[in-house]
Amino acid sequence: MSISSTTRKAGPFSGNGVTVAFPFTYKVFQTSDVLVVRTDTSGLETTLTLTTDYTVALNANQDANPGGSVTMVVAPPTGYLLTLGSQVTQTQPLVLTNTGGFYPTVINDALDRLTIFAQQIQEQVSRAVKVGFSSGISTDTLTNYIVSVYNNLAAIIAVNANQTNIQTVVLNLSAIAAAPSAATAAASSASAASASATSASGSATSASGSATSAAGSATAANNSAVAAAASAASIAGGPVTSVNSRTGAVTGVLDTAGGTMTGALGVQALLEKVTVTAAAPSATQAFDAMTQVVQYFTANAANNFTLNVRGNSGTTLNTMMAVGQSMTIAVLATNGATPYYANALQIDGSAVTPKWQGGTAPTTGNASSVDAYSYTIVKTANATFSAFAAQTKFA
């Protein structure tokens, strides 16, 4: 029989913790030909094992009624995805002899197997990064540049991991195909921006609570990133038409040999969010790291306070951060004639004892001033954090 459909995939199906049966409608020869991939809530894909994780029931006539259904041993939880595909082994098992007879279906199955091979390869290729049909750039050059861009942007984002409302950093990779030489220059500029961002992070840490100094360093790093984006756009063959000095958004027109493309090229600047609160800290003061990086209490403190750092009311910091990540936050507490201070730290409601700058924890606040508390929080294991703190007087 002929194969009239080019589909070699079913799903993705959304798990709900209840449904276990999932259908597919493409021809296979045996149950082991069905590929089953589960995707968890973090996007991690796992190829499942026949019998251990699922069973397959095939329709009796794979020519007239191709496909069947996959039944999971355990229903995929809510938030998980299940995708069915094809993994027909790329071998040729048919052997024809000079004297033996055979049915036409033998030839049909052999031709179907070849068609299935082509469809499996096409499904994989359709998900790959490719250069333009008429492009002169090699796939190695494209791959090397993508890796370089990724590494540099990852460094910049990691430095600013404590910032909220981080805009997605988008590079228009079409410019690479149009001008390979521009790719190298752009990557070099991005590296310089990454180095500036790293330097800014170091300055923020050594300031240990000087929110003003840290903000200045972050601004310098953002300006470097904007300059790198502007350089990349110009080298790629198109002028930068606009740079927003407040947000850092860069737009431009990329004129290439293959045509004209207009759009945002953007490295979006990363800004620190400050919440100004016209009140004093409560006895146990929640700090929502998904809302701000700095919280400034402008009313005179009326009591010592415990700072509880979390993602927000519905998200733990443990969920928000990965092992090996850090964030730096600042709390500005105003004192009147009677000073008070931050005398304890919690993360997700559990007590954490900080290591204080100079080796001694503060035992009081500073009268008629603003005390700046800086906390660098490092996630070292699941629900396990180290905190490095400093208290600085501003008056």
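For the structure, check the block above.
Here the structure is a predicted model, which is why all the values come from computation and not from measurement.

This part is about the nonpolar core. Ranked by internal contacts, the top residues of the largest apolar core, which has 24 residues, are Leu307, Val309, Leu317, Tyr373, Tyr375 and Ile377. Of all the secondary structure elements, the ones that give two or more residues to this core are strand S14 (305-310), strand S15 (326-335), strand S16 (342-347), strand S19 (369-381) and strand S20 (384-394). A total of four residues in this core trace back to one element, the largest contributor, which is S15. Excluding residues within four positions of it along the chain, Tyr375 makes contact with Leu307, Met327, Thr328, Ile329, Ala342, Leu345, Trp356, Phe388 and Ala389. Counting 14 residues, the second-largest nonpolar core is a separate cluster that includes Val34, Leu48, Tyr54 and Val56.

Inspection of every chain in the model, using the stated rule, returns four aromatic pairs. Judged by centre distance (5.2 Å) and plane angle (45°), the ring pair of Phe13 and Phe22 falls under tilted. Of the residues examined, Phe13 reaches a relative accessible area of 22% and is grouped as partly exposed. The class of Phe22 is buried, set by a relative accessible area of 4%. The interplanar angle of 85° and the centroid separation of 6.2 Å between the aromatic rings of Phe305 and Tyr373 together place this pair among those described as edge-to-face. Pair noted here: Phe305 is in strand S14 and Tyr373 is in strand S19, with a separation of 68 residues, a long-range link. Assigned by exposure class, Phe305 and Tyr373 land together as buried.

Further remarks concern the sheet that holds strand S7 (residues 81-86). An order of S1-S7-S3-S4 is seen for the four strands of this open sheet, with the pairing classed as antiparallel. Each having just a single partner strand, strand S1 (10-14) and strand S4 (45-47) make up the two edges of the open sheet. Sheet twist, expressed as the mean angle between neighbouring strand axes with direction ignored, is 20°. Where S1 and S7 come together, three bridges link them in antiparallel fashion. What sits directly across from Phe13, in S7, is Leu82.

This brings us to unusual backbone geometry. Note: most peptide bonds trans; most residues except glycine with negative phi. In the segment running from Gly11 into Pro12, the intervening peptide bond is cis, with an omega of 5°. With respect to the secondary-structure elements, Pro12 resides in strand S1. Phi at Ser368 is positive, roughly 50°, even though this residue is not glycine. Position of Ser368 relative to the elements: it lies in the loop between strand S18 (355-356) and S19. Owing to a relative accessible area of 55%, Ser368 belongs among the exposed residues under this scheme. Positioned with a positive phi, Ala383 is a non-glycine residue whose angle comes to about 60°. Locating Ala383 in the fold gives a position in the loop between S19 and S20.

Applying the stated rule across the entire model yields six salt bridges. Of the charged contacts, one joins Asp63 and Lys27 as a salt bridge, the two residues approaching to 2.7 Å between their closest N and O atoms. Linking Asp63 in the loop between strand S5 (54-58) and strand S6 (68-72) with Lys27 in the loop between strand S2 (21-24) and strand S3 (34-39), this pair joins segments that are 36 residues apart in sequence. A salt bridge links Asp112 to Lys27; its shortest N-O distance comes to 2.6 Å. One end of the pair, Asp112, is in helix H1 (residues 104-125); the other, Lys27, is in the loop between S2 and S3, with 85 residues separating them in the sequence. Of the two residues, Asp112 and Lys27, neither departs from the other in class, the shared state being buried. Each of Lys27, Asp63, Asp109 and Asp112 takes part in one network of salt bridges that share partners.

Criteria and thresholds
Residues numbered from 1 in each chain as written. Predicted model: local features only at pLDDT ≥ 70, side-chain atom pairs only at ≥ 80, totals over all residues. Heavy atoms only, no water. Core = buried A, V, L, I, M, F, W, Y, C linked by side-chain atoms within 4.5 Å. Buried < 20%, exposed > 50% of the residue type's maximum accessible area, 1.4 Å probe, protein only. Helix = DSSP H or I, 4+ residues; strand = E, 2+ residues; numbered from the N terminus. Contact = heavy atoms within 4.5 Å. Phe/Tyr/Trp six-rings, centres within 6.5 Å; stacked < 30°, edge-to-face > 60°. Pairing = 2+ DSSP bridges. Axes fitted to C-alpha atoms, helices over the stretch in contact; angles between N-to-C directions. Salt bridge = Lys/Arg side-chain N within 4 Å of Asp/Glu carboxyl O.

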